[in-house]
Amino acid sequence: MENILVAINPIKASKDILETRKDSIIIDRILDAKIIALNQTKKFFNGHIPFSSIVAFIMKFVAIHTKSRYIVLSNESSANEENVIFNNLAINHQYSKSLEFENDFRWYVSNFITKDIEYFSLLRPLHEIQIAMLFTKIAQDYYTIFRSCNVGSKQSIWCNSCPKCLFVYIMFAPFLDEAELINIFGENLLDKQELYNIFIELVDKTQTKPLECVGSYDEVNFALMLTTKKYRDSNTTLPYLLQRYNELNIEIKNHNLLNDFNDNHNLPIQLATIISGSDTD
């Protein structure tokens, strides 16, 4: 299918990816000066901005302008999991990436804007760990380009000290050898003792999951189980965080994460067929 890549205020990593394609649109988004002025008064809270929801509305304008049928996101099923339950309220840092938001947005657009443009997430049926597995199989040319670190985004680096860096490293660890991981990240993050507190928040359901775009507890623990097995099979000493992890004796409840397909999605049938793997061509 013909498609157009769209980026809003792209960082260097995004620009590098855009340069690999002929068809792309870059949008400049400028903050209202009143927001900056209000912040300077220090009378208002700087809350979390659900940026994905802002992107959704901007993409609707782009789709109308380009006469496109679909707006395709890459939000996975893991984005549906909350970070913490507080007073019986599920708080999800990734709400605007969740299926709940996607369904609400689709309803709003269909009822009040147009029924001719669909908004959905291509990767919604998959877990983060499945996406990481597929990435290592088909996207080797992007190893030195892609980034998923908020702290280092402007410098196009992995800061190697935040939850996102550690989470992404854990997702790739079962599928890449240590040398390849170090080539991407610059060091073995599973051997950084100072990341232990973040590590516990990623694996232990009794903790508050970091308020970052990270995946589910189940897939983090599943990935660590696979990585531990890989080290042991090669008779290699476990890095520090894996040694500490094995002391926790966390039960792995789902051993089939690499084969899961979440049927709760909005993909058109032809795309769902491709993602499910039933289209062998």
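Everything below is about the structure printed above this text.
Reading the values: rules and limits
- Residues numbered from 1 in each chain as written.
- Predicted model: local features only at pLDDT ≥ 70, side-chain atom pairs only at ≥ 80, totals over all residues.
- Heavy atoms only, no water.
- Core = buried A, V, L, I, M, F, W, Y, C linked by side-chain atoms within 4.5 Å.
- Buried < 20%, exposed > 50% of the residue type's maximum accessible area, 1.4 Å probe, protein only.
- Helix = DSSP H or I, 4+ residues; strand = E, 2+ residues; numbered from the N terminus.
- Contact = heavy atoms within 4.5 Å.
- Salt bridge = Lys/Arg side-chain N within 4 Å of Asp/Glu carboxyl O.
- Expected span 1.5 Å × (residues − 1).

(A) Layout of the nonpolar core. Judged by nonpolar contacts, the single largest core of 42 residues is most densely connected at L166, I170, L190, F199, L202 and L224. Elements with a contribution of two residues or more to this core: α5 (128-138), α6 (163-172), α7 (178-185), α8 (196-203), α9 (217-233) and α10 (240-248). Contacts of L202, omitting those with residues within four sequence positions, involve P163, L166, F167, I170, P210, V214, Y217 and V220. V55, M59, I71 and I117 belong to the second-largest nonpolar core, a separate cluster that totals 14 residues.

(B) Summary view of the pattern of salt bridges. Under the definition given, this model contains 10 salt bridges. Between E118 and R106 there is a salt bridge, with the nearest N and O atoms lying 3.4 Å from each other. Within this pair, whereas E118 is found in strand β6 (residues 118-121), its partner R106 is found in helix α4 (residues 99-112), the two being separated by 12 residues in sequence. A salt bridge links K192 to E194; the shortest N-O distance between them is 3.9 Å. With relative accessibility at 60%, the residue E194 sits in the exposed group.

(C) Structural view of unusual backbone geometry. Positive phi is not limited to glycine here, since K42 has a value of about 60°. Classification of K42 by relative accessible area gives exposed; the value is 75%. Not every positive phi belongs to a glycine, and N88 is a case in point at roughly 65°. Mapped onto the elements of the fold, N88 is located in the loop between β4 (84-86) and β5 (89-91).

(D) Local environment of helix α3 (residues 51-66). For α3, which comprises 16 residues, the first-to-last C-alpha distance of 22 Å matches the rise-based estimate of 22 Å (1.5 Å per residue) to within 8%. Looking only at α3, the buried set comprises S52, S53, V55, A56, M59, K60, V62 and A63. Those residues of α3 that are buried are in contact with β1 (5-8), β2 (24-27), β3 (70-73), α4 and β6. After α3 finishes, the residue K67 shows a positive phi value of roughly 55°.

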